[in-house]
Amino acid sequence: MRTDSAPTTPITLLAAKQEITEVLYRYCRGLDRMDRALADTVWHPDGTADYGPSYRGSGAGFLDFVWPYHARLAAHSHLVSNALVEVDEAAGTAASEAYVSVWLRTRPADGLVTDLFHRGRYVDRWSCRAGVWAIDHRVYVGDLYREVTHAVEAAEAPSGRRDDTDPSYEVFR
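Overview of the structure. Source: prediction; values computed, not measured.

Some words on the pairing of strand 1 (residues 43-50)
Side-chain direction in a regular strand flips from residue to residue, so the side chains alternate between the two faces of the sheet.
Alright, step 1. Both strand 1 and strand 6 (residues 132-151) contribute to a ladder of four bridges, which runs parallel. Each residue of the ladder has a partner; that of Ala-49, found in strand 6, is Arg-138.

As for the packing of aromatic side chains
The geometry of an aromatic ring pair is captured by two quantities: the separation of the ring centres and the angle between the planes.
Alright, step 1. Scanning the model with the defined rule gives nine aromatic pairs in all.
Alright, step 2. Among the aromatic residues, ring-to-ring pairing joins Tyr-27, Trp-43, Tyr-51, Tyr-55, Phe-62, Phe-65, Tyr-122 and Tyr-140 into one connected group.
Alright, step 3. Its guanidinium or amino end placed over the ring of Tyr-122, Arg-138 lies 3.7 Å from that ring's centre, counting from NZ or CZ.

Some details on the sheet that holds strand 4 (residues 93-105)
Alright, step 1. Judged by pairing direction, the sheet is mixed, and its six strands sit side by side in the order 2-1-6-5-4-3 without closing on themselves. Two strands lie at the open edges of the sheet, namely strand 2 (56-58) and strand 3 (75-88), each paired on one side alone. Each adjacent strand pair in this sheet contributes to an overall mean axis angle of 15°, direction not counted.
Alright, step 2. Looking at chain direction, strand 5 (residues 112-129) and strand 6 are connected through 18 bridges and run antiparallel. Opposite Leu-112, over in strand 6, you have Ala-151 as the bridge partner.
Alright, step 3. Against the sheet, helix 1 (residues 10-32) engages strand 1, strand 3, strand 4, strand 5 and strand 6, with an angle of about 160° to strand 3.
Alright, step 4. Each of strand 1, strand 2, strand 3, strand 4 and strand 5 is contacted by helix 3 (residues 59-72), which is oriented at about 65° to strand 1, the strand it contacts most.

Structural notes on the pattern of salt bridges
Alright, step 1. A complete count under the given rule lists ten salt bridges for this structure.
Alright, step 2. Here Asp-143 and Arg-121 are joined by a salt bridge, their closest N and O atoms 2.8 Å apart. Highlighted residues: Asp-143 in strand 6 and Arg-121 in strand 5, separated in sequence by 22 residues.
Alright, step 3. Overall, Asp-143 belongs to the partly exposed group, its relative accessible area being 39%.
Alright, step 4. For Arg-121, a relative accessible area of 19% gives the class buried.
Alright, step 5. Between Asp-124 and Arg-138 there is a salt bridge whose closest N-O contact spans 2.8 Å. Here Arg-138 lies in strand 6 and Asp-124 lies in strand 5, a separation of 14 residues in the sequence.
Alright, step 6. In this structure Arg-138 comes out as buried when scored by relative accessible area, which is 0%.

A few points about the environment of Ala-91
Alright, step 1. Here Ala-91 is to be found in the loop between strand 3 and strand 4.
Alright, step 2. When its relative accessible area of 44% is taken as the criterion, Ala-91 is described as partly exposed.
Alright, step 3. Between the C-alpha atoms of Ala-91 and Cys-128, which are 37 residues apart in sequence, the distance is 8.9 Å.

Some remarks on helix 1
Alright, step 1. The end-to-end C-alpha distance of helix 1, which contains 23 residues, comes to 33 Å, matching closely the 33 Å that a straight helix rising 1.5 Å per residue would cover.
Alright, step 2. All of the buried residues along helix 1 are Ala-16, Ile-20, Thr-21, Val-23, Leu-24, Tyr-27, Cys-28, Gly-30, Leu-31 and Asp-32.
Alright, step 3. Where helix 1 terminates, the next one or two residues include Met-34, which has phi positive at roughly 55°.

Calculation criteria
Residues numbered from 1 in each chain as written. Predicted model: local features only at pLDDT ≥ 70, side-chain atom pairs only at ≥ 80, totals over all residues. Heavy atoms only, no water. Pairing = 2+ DSSP bridges. Helix = DSSP H or I, 4+ residues; strand = E, 2+ residues; numbered from the N terminus. Phe/Tyr/Trp six-rings, centres within 6.5 Å; stacked < 30°, edge-to-face > 60°. Lys NZ or Arg CZ within 6 Å of the ring centre and 35° of its normal. Axes fitted to C-alpha atoms, helices over the stretch in contact; angles between N-to-C directions. Contact = heavy atoms within 4.5 Å. Salt bridge = Lys/Arg side-chain N within 4 Å of Asp/Glu carboxyl O. Buried < 20%, exposed > 50% of the residue type's maximum accessible area, 1.4 Å probe, protein only. Expected span 1.5 Å × (residues − 1).

Structural data, given as structure tokens:
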């Protein structure tokens, strides 16, 4: 957040945009590694989430809502791209739109799995409080959805793990 002693510069604007982009990445990592403590850092404590008719409420409440669903899955992957971030440094606020691709795989049943593909956008309002950028309000906009059920091959087993035994925790501790 800008103060009178900290003028707006291209570097401070780039730093704010990068911090916000890394929060978006942290959200995906938190979900995919089932790291609730990490996912909880994405929204401010009073932040809200609007995921359409399935969920409207607090950011923490959304995580409470989605966590058991993700836990039942065999694997999932969230990918954020095309992040457009506009920062109002004087106000300590920002807005962003980021594209998201989500792949979800059910656990095998009778030799079959279902892959669910979601594509949409996170449209977020942000603020910087005590030097920390986090989401004030998120709207998820769904753009595409596809569901495919198919036979699962043994070679398709994921090598990534959905907890802190995943290899990424060896470098990010």
